[in-house]
Structures are given as structure tokens and as C-alpha cells.
Amino acid sequence: MKILVTGGAGYIGSHICVELLQAGHDVVVIDDFSNSQPEVLEYIHEITGKNVQFYEFNILDEAKTEKVFQENQLDAIIHCAAFKAVGESVSKPIEYYTNNLMTTLIVTKMMRDYHVNNIVFSSSATVYGDPKVVPLTEDCPLGETTNPYGTSKAMMERVLTDVQHAYPQMSVTLLRYFNPIGAHASGLIGENPKGIPNNLMPYVMKVATGELSCLGVFGDDYDTPDGTGVRDYIHVVDLAKGHVAAIEKYSQPGVHICNLGTGKGYSVLDIVKAFEKVNGVKVNYEIKARRPGDIATCYADPTRAKEELGWVAEKTLEDMCRDTWNFAKKH
């Protein structure tokens, strides 16, 4: 298949490109490098021996987006182009809603106009809000989202669902990610955000390298075993493989919803201790006040992914910590 990956130079998008190329698909990428680096495209080639067809712009430029659809006979789309930091979204709601919603509307409009009927959307477990029960299944009600990032994901899910109902020949897949961390085993691609990281693992990485002095742990009074927030951390390579499975298996018309997680919850301090142990480094941290929009516990029931996609997360927390540090040392 010829597959468009929006945001394909980003952390998750680049790993998806690698897995798609290695599975024999042709890949087209749109990215504006707002949170990624151009050299990622060279690394994708180095890992796979193959090139993606690349376009540099923001999908908000509708004319340029349409040109990509005109120039390529696309079979499917994996939509990863979104602003994605929970904390930042609280302070920049206008930017988050504009970028995340408008890019989705433009992509679906082009799908309709150019008869591309298969989309996999990178959604998020944040759409479940503050869950009443864990682990979370796909049948859990969508909650009151606790931040603009999560709300934008829930709204995009709604848009895509309504589009599928209007154009029933479409296959719309909503992949609800839990917390992707880790890096490719080559150490060539991984999470390297511009500026101060908003997510836990790249922050841990930058404290371990000495780039940042100390990790802030937001809250130690949650109802969890050690008081810090518990999340389902999934290796980004496992996550990427889940997309390949979804694009290949969920091709029949309809709306398909699937969690991608490990089914295990780890606390912030579990991550810090595992990183220190696996890599033999020290990660300084200090406890701070809770952060707006955060919840106590969130982890997946990944049964549906196993039954419908034949997909299971295979990599361990140790793998995630080791691969992150390997990436840090190479960059």
C-alpha cells in the first residue's frame, strides 16, 4: 500500500515509517519540523535502506495538502500530526484546538475528495478522562477530559466518527495510545523534543545526561502505591507495529476502536528507579505540586488488540529504559 503518514518525522511518526517500510509499504510523509528534526529522514533511510517521499509544510496549508493527494495515489492515511503535550495544552488551548482540529478536518476533506477510504488516527487514552475503573477497555465511557490536549483528541475522534457515518465506505480506526517511551534499538531515532521536554522519559533522559539538573515529579499524594502517578508505558516500536497491524487488518468499512498498551501500570518513581538500575546512572528528582490536568492511574486492557489485530506489546520496561539511554548517548 501507499500510505501517507502525517507528522511522519516526529517521535511516533518516524517509528511508524520504519515499521511500514520494513513491512513492504510505500510511505509519503508530511511534516513541518515544528517538533522534529530533518535528519530523522536520513535515519529512517539508514535503518530501512528505503526512502520516504517527503513534503515539508503544515497541513493547515490546505492547497499544499491537496497537492500531495493529487500527486500520489494513496491507499491509506496514518494521522499523527498533532500538538501533544498535556501541560502545554493547558496554557495554549487556542493553538492546540486550531492545529489539532483543523489538520484533521483538512485531511478528512481530502480523503473524501480523492476517494481515500482508510485512516488510522493516533488518539490517546486521555479521552477516557479520569477513569472510574482500571484497566481501561474500549467499551469504557469517554470521560470528562482533563486538559485541552485530551479534549482535542476526543473531538477529533468525534469528527472522524461522523465522517465515517456520512461516508460509510470509509474505514476509520481510532488507536488509543497509552504512554509511548523508548527508542529504536539502533539508537538513531527516539524522542528528542525541542526545548524543555513535556513528557516524562525525555526529561529523565536529559537529567541523566546532565542537560537538565533535576526532574520535577508532580505530586506524591495520589492514591497509588508510592503516591506518584501510574501510567501504562509502551515501547514506541511496539506501538508502531500496532499501526501496521491496524492499517492491514482494519481495512473493512466501519469505525474501529483499539487500545494500544501493555496492560501494566508503572509509577513515575518506578520509571526513575528502572532507568537508574538498567543504565547505571543517577536521575535527580524533586517532588513538586500536582500538575493541572493530571490523573492518578491509567492503564490499558489490551485484549482487543490481541484478538482483532494479533498484536501484543513485547518489549519490557527495561528495554524502554535501555533503548532511551542508547539513543541519548548517540545524540
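Residues numbered from 1 in each chain as written. Predicted model: local features only at pLDDT ≥ 70, side-chain atom pairs only at ≥ 80, totals over all residues. Heavy atoms only, no water.

A. Main features of the UniProt feature "domain: NAD-dependent epimerase/dehydratase" (unreviewed entry) in the protein. Per the UniProt record, the feature "domain: NAD-dependent epimerase/dehydratase" (unreviewed entry) sits at residues 3-261. Here residues 3-261 runs as 39% helix and 20% strand, with 24 Å between its end C-alpha atoms. (UniProt positions renumbered as here; feature names shortened; annotations may be inferred. Helix = DSSP H or I, 4+ residues; strand = E, 2+ residues; numbered from the N terminus.)

B. Highlighting the nonpolar core. One finds Val5, Ile16, Leu20, Val27, Val52 and Ile78 to be the most contacted residues of the largest nonpolar core, which totals 42 residues. Per element, the largest residue contribution to this core is eight residues, and it comes from helix H8 (residues 236-249). When near neighbours in sequence (up to four residues on either side) are disregarded, isoleucine 16 contacts Val5, Ile78, Cys80, Tyr177, Ala240 and His243. Judged by nonpolar contacts, the second largest core, of 27 residues, contains Ala183, Ala208, Phe275 and Leu317. (Core = buried A, V, L, I, M, F, W, Y, C linked by side-chain atoms within 4.5 Å. Buried < 20%, exposed > 50% of the residue type's maximum accessible area, 1.4 Å probe, protein only. Contact = heavy atoms within 4.5 Å.)

C. Region of the structure containing H8. Here H8 spans 20 Å end to end across 14 residues, near enough to the 20 Å set by a 1.5 Å rise per residue. Most of H8 sits out of view: eleven of its 14 residues are buried. (Expected span 1.5 Å × (residues − 1).)

D. The sheet that holds strand S3 (residues 53-56), seen in detail. Strand order in the open sheet formed by seven strands is S3-S2-S1-S4-S5-S6-S11, with parallel pairing between adjacent strands. Whereas interior strands pair on both sides, the edge strands pair on one side only; in this sheet they are S3 and strand S11 (254-260). Each adjacent strand pair in this sheet contributes to an overall mean axis angle of 15°, direction not counted. Here seven bridges tie strand S6 (residues 171-177) to S11, and the two strands are oriented parallel to one another. Among the inter-strand pairings, serine 171 is bridged to a residue of S11, identified as glycine 254. In the packing of helix H5 (residues 93-114) onto the sheet, contacts are made with strand S1 (2-6), strand S4 (76-79) and strand S5 (118-124), and the angle to S4 comes to roughly 175°. (Pairing = 2+ DSSP bridges. Axes fitted to C-alpha atoms, helices over the stretch in contact; angles between N-to-C directions.)

E. Up close: the sheet that holds strand S9 (residues 230-231). Taken together, the three strands give an open sheet; going across it, the order is S12-S9-S14, and neighbouring strands pair in mixed fashion. If you trace the sheet from one side to the other, it starts and ends with strand S12 (266-267) and strand S14 (297-298), each paired once. Pairing of S9 with S12, which is carried by two bridges, proceeds in the antiparallel orientation. Across the sheet, the residue bridging to valine 230 is serine 267, located in S12.

F. Spatial organisation of the packing of aromatic side chains. This model, assessed by the stated rule, comprises four aromatic pairs. Judged by centre distance (6.1 Å) and plane angle (40°), the rings of phenylalanine 69 and tyrosine 114 are tilted. In this pair, phenylalanine 69 is assigned in helix H3 (residues 62-71) and tyrosine 114 in helix H5, connecting sequence segments 45 residues apart. It is arginine 290 that lies over the ring of tyrosine 222; its NZ or CZ is 4.0 Å from the centre. (Phe/Tyr/Trp six-rings, centres within 6.5 Å; stacked < 30°, edge-to-face > 60°. Lys NZ or Arg CZ within 6 Å of the ring centre and 35° of its normal.)

G. Spotlight on the side chain of aspartate 31. Along the chain, aspartate 31 falls in strand S2 (residues 26-31). Buried charge without a salt bridge: aspartate 31, with lysine 194 as the nearest opposite-charge side chain at an N-O distance of 7.9 Å. Within the structure, aspartate 31 has its side chain in polar contact with the backbone nitrogen of alanine 9 (distance 3.0 Å). (Lys, Arg positive; Asp, Glu negative; His and termini not counted. Salt bridge = Lys/Arg side-chain N within 4 Å of Asp/Glu carboxyl O. Polar contact = N/O pair within 3.5 Å; in protein donor to acceptor, adjacent residues only side chain to side chain.)

H. Representation of the pattern of salt bridges within the structure. One pass over the full model with this rule turns up 16 salt bridges. The closest approach of N and O atoms between arginine 112 and aspartate 113, which form a salt bridge, is 2.9 Å. The exposure class assigned to arginine 112 is partly exposed, which follows from its relative accessible area of 35%. Between arginine 322 and aspartate 319 there is a salt bridge whose closest N-O contact spans 3.2 Å. With a gap of three residues between them, arginine 322 and aspartate 319 both fall in helix H11 (residues 317-330), about one helical turn apart.

I. Region of interest: the pairing of S2. The buried fraction of S2 amounts to five of the six residues, a majority that puts the element mostly inside the structure. One ladder, built from five bridges, connects S1 with S2; its direction is parallel. Bridging across to S2, lysine 2 finds its partner in aspartate 26. Following the backbone out of S1, through helix H1 (residues 11-22) and into the adjacent parallel S2, one traces a crossover that is right-handed. Where S2 lies against S3, four bridges are found, and the strand directions are parallel. Residue pairing in the sheet places aspartate 31 in a bridge with glutamate 56 of S3. Once the chain exits S2 it traverses helix H2 (residues 39-48) before rejoining the sheet at S3, and the crossover so formed is right-handed. (Right-handed = clockwise from strand over helix to strand, strands pointing away.)

J. Main features of the state of the cysteines. Applying the stated criterion across every chain, the model contains zero disulfides. The cysteine cysteine 80 is free of any disulfide, with cysteine 17 supplying the nearest cysteine sulfur at 8.0 Å. Considering cysteine sulfurs only, cysteine 140 is the nearest to cysteine 298, which forms no disulfide, with 9.7 Å between them. Classification of cysteine 298 by relative accessible area gives buried; the value is 6%. (Disulfide = S-S within 2.5 Å.)

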